[in-house]
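Summary of structural features
The lines below spell out each chain.
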Amino acid sequence: MNERQRLMRNVQMYDFALIEATEYLDGHPNDPNALAYFNAQQKLYQQAVRAYTEHFGPLQSKDGNYTNTWSWVNDPWPWEGVDQ
């Protein structure tokens, strides 16, 4: 597994954990342990996204910095080549 794959897998892993925690919290909104878990996973997700972005660019076009040109199209899309 290369660095790009590893960083993308981290993003995916924490994203999945957030989705699952959200679904649980929808039915158990007053569970302090679940809320703490969600908050911890959210921080890890944000760190994973930041790490990926620093090395390979934004995961979504809305997260890019486009001052002089629309550079979103210059690099491979985030989902391209993840398993190569």
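Because the structure is a prediction, the values reported are computed rather than measured.

1. Describing the nonpolar core
Leu7, Met8, Val11, Tyr14, Ala48, Val49, Tyr52 and Leu59 form the largest nonpolar core, which has eight residues in total. Here this core gets four residues from one element, more than from any other, and that element is helix α1 (residues 3-27).

2. Regarding the side chain of Gln41
If you trace the backbone, Gln41 turns up in helix α2 (residues 32-56). Ignoring any residue separated from it by four or fewer positions in sequence, one finds Gln41 in contact with Tyr14, Ala17 and Leu18.

3. What to know about α1
It helps to recall that an α-helix has 3.6 residues per turn; residues three or four apart then point in one direction. Taking 1.5 Å of rise per residue, 25 residues should cover 36 Å, and α1 covers 37 Å from first to last C-alpha, within 8% of that figure. Among the structural elements, α2 are those in contact with the buried residues of α1. Its side-chain oxygen placed 3.1 Å from the backbone nitrogen of Arg4, Asn2 serves as the N-cap of α1.

4. Some thoughts on the packing of aromatic side chains
Going through the model one piece at a time under the given rule, you end up with one aromatic pair. Arranged with centres 5.4 Å apart and planes meeting at 45 degrees, the rings of Tyr52 and Phe56 form a pair that is tilted. A residue pair is termed a helical-turn pair when its members lie 3 or 4 positions apart in one helix, as Tyr52 and Phe56 do in helix α2 at four residues. Classification of Tyr52 as buried rests on a relative accessible area of 1%. In this arrangement the basic side chain of Arg4 is found over the ring face of Phe56, its NZ or CZ atom lying 6.0 Å from the centre.

Reading the values: rules and limits
Within each chain, residues carry numbers counting from 1 in the order of the written sequence. Since the coordinates come from a predicted model, pLDDT governs what is reported: local features require at least 70, and pairs of side-chain atoms require 80 or more to be given and counted, while whole-chain, interface and lining totals use all residues. Excluded from the side-chain calculations are hydrogens and water; all other atoms, namely the structure's heavy atoms, are used. Put simply, buried Ala, Val, Leu, Ile, Met, Phe, Trp, Tyr and Cys residues joined by side-chain atoms within 4.5 Å make one nonpolar core. Exposure classes here rest on a 1.4 Å probe applied to the protein chains alone. A residue is buried below 20% of its type maximum, exposed above 50%, and partly exposed in between. Secondary structure counts use DSSP, requiring at least four H or I residues in a row for a helix and at least two E residues in a row for a strand, with both numbered from the N terminus. In this analysis, two residues are considered to be in contact whenever any of their non-hydrogen atoms come within 4.5 Å of each other. Expected helix span is given by 1.5 Å per residue-to-residue step, counting one fewer step than there are residues. Two N or O atoms count as a polar contact when they lie within 3.5 Å, although within protein this holds only if one can serve as hydrogen donor and the other as acceptor, and sequence-adjacent residues are included solely when both atoms are side-chain atoms. What counts as a ring pair is set by centres within 6.5 Å for rings of Phe, Tyr and Trp (its six-membered ring), and what kind of pair is set by the plane angle: stacked under 30 degrees, edge-to-face over 60, tilted for all other angles. We call a charge positioned over a ring when the NZ of a Lys or the CZ of an Arg lies within 6 Å of the ring centre and within 35 degrees of the ring normal.

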